[in-house]
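Coordinate analysis (summary)
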Amino acid sequence: MSSGAMAAEKVAIGTPSWTGAQAIAHLIQAVVIERIGGEATLVPGNNATIFQAMDQGKGDIDVHPDVWLPNQESFTNKYVKGAGTVALSGNHYIGNQGFCVPRKFAEENNITDIADLGRPDVAAKMDSDGNGKGEMWIGAPGWASANVNEVKVRDYKLMNFIEPIRAEESVKTARIKDAIAKGEGYAFYCYEPHAIWAMFDVVMLTEPKNEPAKYKMVQPSDSPTWFTDSYVASKDALKQVQVAYSKSLASRSPAIAEFLANMKLDAKDVSTFAFEVAGKGRDAGEVAREWIKNNSKRVDGWLGM
């Protein structure tokens, strides 16, 4: 491919609100600019918006950098398997998700399992607004996982003790910092990879082991009665996390499409990247360029070199 053709390649990268997705989005952008010589823009959006734009194939949004499966299976079933307009990368990393509390809070109150959050003494120590229920952050608005977690709060029989809170991730991070500083109780949805593990001393609680019979999740995109139709009373299985991209990209920007198909990260890569940005406050673009420089052979492999 000539340098002129490579320079003409363009991609619009969707950037969901969670830290890992933003880290990968910046890395994709840096590879396209630094190594392919193309143009890459970042476009904020939630899962539904990004998948709809990829389906349309007009270049408004071409990439979802961090698709967690089966969390976002309603979208991949519709656009990857159904419409056939979206492709998934050939490689994936493993994700794990659950619920966490500060380690000191856990140790002082003998909290090890999700059921412990239903103890009145524990819930009272997590009640910051005096409404009689302890708050637990379950994810940001628009996250498929937040829907799962709200169902879990109900089916783990915690609704009488726990108030599920949806807010942007920055709110959760500030609350963790404040709770640890003041020695207060707090619980929150947590997952790996994430910067949180390097930022704070937290522990993931145990849950009933994953059982398909106890895990029936219907997302709002599938049914308006999703909440009553769902039943989730076991831990999530380990996740397969991949990059998704519009199939139309193959004809518009073939080198970028090939790179996305071959891209391969692991959970440690994403956690480290996220910590540099969210934990240390570094510029994401700078971290991405530094990573590419230090991992040039890996990037060569993604580019088929």
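Keep in mind the model is a prediction, meaning the values are calculated, not measured. (Residues numbered from 1 in each chain as written. Predicted model: local features only at pLDDT ≥ 70, side-chain atom pairs only at ≥ 80, totals over all residues. Heavy atoms only, no water.)

1. Focus on the overall build of the chain
Secondary structure summary: the chain contains 15 helices and 12 strands in total. In summary, the chain has a C-alpha radius of gyration of 20 Å against a globular reference of 19 Å for 305 residues, a match within 12%. Seen through its principal axes, the chain has C-alpha atoms that stretch 70 × 40 × 30 Å. Within the chain, the proportion of its 305 residues that are buried is 50%. Summarising the internal contacts of the chain: among those between residues at least 6 apart in sequence, 75% fall at separations of at least 24. A total accessible area of about 13,300 Å² is found for the chain, and carbon and sulfur atoms account for 52% of it. Across the chain, 33 positive and 38 negative side-chain charges occur, with their mean positions spaced 3 Å apart. (Helix = DSSP H or I, 4+ residues; strand = E, 2+ residues; numbered from the N terminus. Rg over C-alpha atoms; globule rule 2.2 N^0.38 Å. Buried < 20%, exposed > 50% of the residue type's maximum accessible area, 1.4 Å probe, protein only. Contact = heavy atoms within 4.5 Å. Areas by Shrake-Rupley, 256 points an atom, 1.4 Å probe, with all protein chains shown as cover. Lys, Arg positive; Asp, Glu negative; His and termini not counted. Charge placed at Lys NZ, Arg CZ, Asp CG, Glu CD.)

2. Considering the side chain of Lys 152
Within the secondary structure, Lys 152 is located in helix α7 (residues 144-155). Within polar-contact distance, the side chain of Lys 152 engages the side chain of Glu 207 at 3.0 Å. With sequence-adjacent residues up to four places away left out, Lys 152 is seen in contact with Phe 99, Glu 207, Tyr 215, Val 232, Ser 234, Lys 235 and Asp 236. (Polar contact = N/O pair within 3.5 Å; in protein donor to acceptor, adjacent residues only side chain to side chain.)

3. Section: unusual backbone geometry
In this structure, the amide linkage connecting Leu 69 to the following residue, Pro 70, adopts the cis form with an omega of 15 degrees. Note on placement: Pro 70 falls in the loop between β3 (63-69) and α4 (73-82). Put simply, Glu 192 and Pro 193 share a cis peptide bond, and its omega is 5 degrees. With respect to the secondary-structure elements, Pro 193 resides in the loop between β8 (187-192) and α9 (196-199).

4. Description of the pairing of β8
Among the 6 residues in β8, 5 count as buried, and that is most of the element. Here 5 bridges tie strand β5 (residues 93-102) to β8, and the two strands are oriented antiparallel to one another. Among the inter-strand pairings, Asn 96 is bridged to a residue of β8, identified as Glu 192. Of the strand pairs in this sheet, strand β6 (residues 134-139) and β8 are connected by 2 bridges, and their pairing is parallel. The residue bridging Trp 137 from the neighbouring strand is Phe 188, located in β8. (Pairing = 2+ DSSP bridges.)

5. Concerning the pairing of β5
Burial analysis of β5 places 9 of its 10 residues in the buried class, the great majority of the element. Two strands pair when backbone bridges link them, and β5 and strand β9 (residues 202-204) are joined in this way by 3 bridges, in the antiparallel orientation. Residue Cys 100 lies in a different strand from β9, and its bridge partner there is Met 204.

6. Quick notes on the side chain of Thr 76
For Thr 76, the position within the fold is in helix α4. With near-sequence residues (within four places) excluded, Thr 76 lies in contact with Phe 51, Val 67, Leu 69, Lys 81 and Leu 88.

7. Thoughts on the packing of aromatic side chains
Scanning the model with the defined rule gives 13 aromatic pairs in all. For the ring pair Phe 51 and Phe 75, a centre distance of 5.2 Å and an interplane angle of 10 degrees mean the geometry is stacked. One end of the pair, Phe 51, is in helix α3 (residues 47-56); the other, Phe 75, is in helix α4, with 24 residues separating them in the sequence. Overall, the relative accessible area of 0% leaves Phe 51 in the buried class. (Phe/Tyr/Trp six-rings, centres within 6.5 Å; stacked < 30°, edge-to-face > 60°.)

8. Focus on the nonpolar core
Membership of the largest hydrophobic core comes to 72 residues, with the highest contact counts inside it found for Leu 27, Ile 28, Leu 117 and Phe 259. Tallying contributions element by element places helix α2 (residues 19-36) first for this core, with 10 residues. Contact partners of Leu 117, with chain neighbours within four places excluded, come to Val 101, Ile 111, Val 122, Ala 123, Met 126, Met 136, Leu 158, Phe 161, Ile 162, Ala 187 and Leu 205. Listed in part, the 11 residues of the second largest apolar core include Phe 51, Ile 61, Leu 69 and Val 86. (Core = buried A, V, L, I, M, F, W, Y, C linked by side-chain atoms within 4.5 Å.)

9. Considering the environment of Gln 52
Its location among the elements puts Gln 52 in helix α3. Relative accessible area serves as the criterion here: at 40%, Gln 52 is assigned to the partly exposed category. In sequence terms Gln 52 and Asp 62 are 10 residues apart; their C-alpha atoms lie 10.0 Å from each other.

10. Thoughts on the packing of α2 against helix α13 (residues 267-279)
Two elements in contact, α2 and α13, have axes whose closest approach is 9 Å; the angle formed by their N-to-C orientations is 95 degrees. Our classification of the angle between α2 and α13 gives roughly perpendicular. The residues of α13 that touch α2, namely those facing Thr 19, Gly 20, Ala 23, Ile 24, His 26 and Leu 27, are Val 270, Phe 273, Ala 274 and Ala 278. (Axes fitted to C-alpha atoms, helices over the stretch in contact; angles between N-to-C directions. Parallel < 35°, antiparallel > 145°, perpendicular 65-115°, else oblique.)

11. Comments concerning α13
Regarding α13, the residues found buried are Asp 269, Val 270, Ser 271, Phe 273, Ala 274 and Glu 276. Sitting at the amino-terminal end of α13 is Asp 266, which places a side-chain oxygen 3.1 Å from the backbone nitrogen of Lys 268. Count one or two residues on from α13 and you reach Gly 281, which has phi positive near 75 degrees.

12. Section: the pattern of salt bridges
When charged atoms on two side chains of opposite charge get close, those side chains can pair. Applying the stated rule across the entire model yields 19 salt bridges. With a closest N to O distance of 3.1 Å, Glu 290 and Arg 282 form a salt bridge. Assessed through its relative accessible area of 21%, Arg 282 is described here as partly exposed. Here the residues in one salt-bridge network are Glu 276, Lys 280, Arg 282, Glu 286 and Glu 290, joined through shared partners. (Salt bridge = Lys/Arg side-chain N within 4 Å of Asp/Glu carboxyl O.)

Nothing here speaks to function; it is all geometry.
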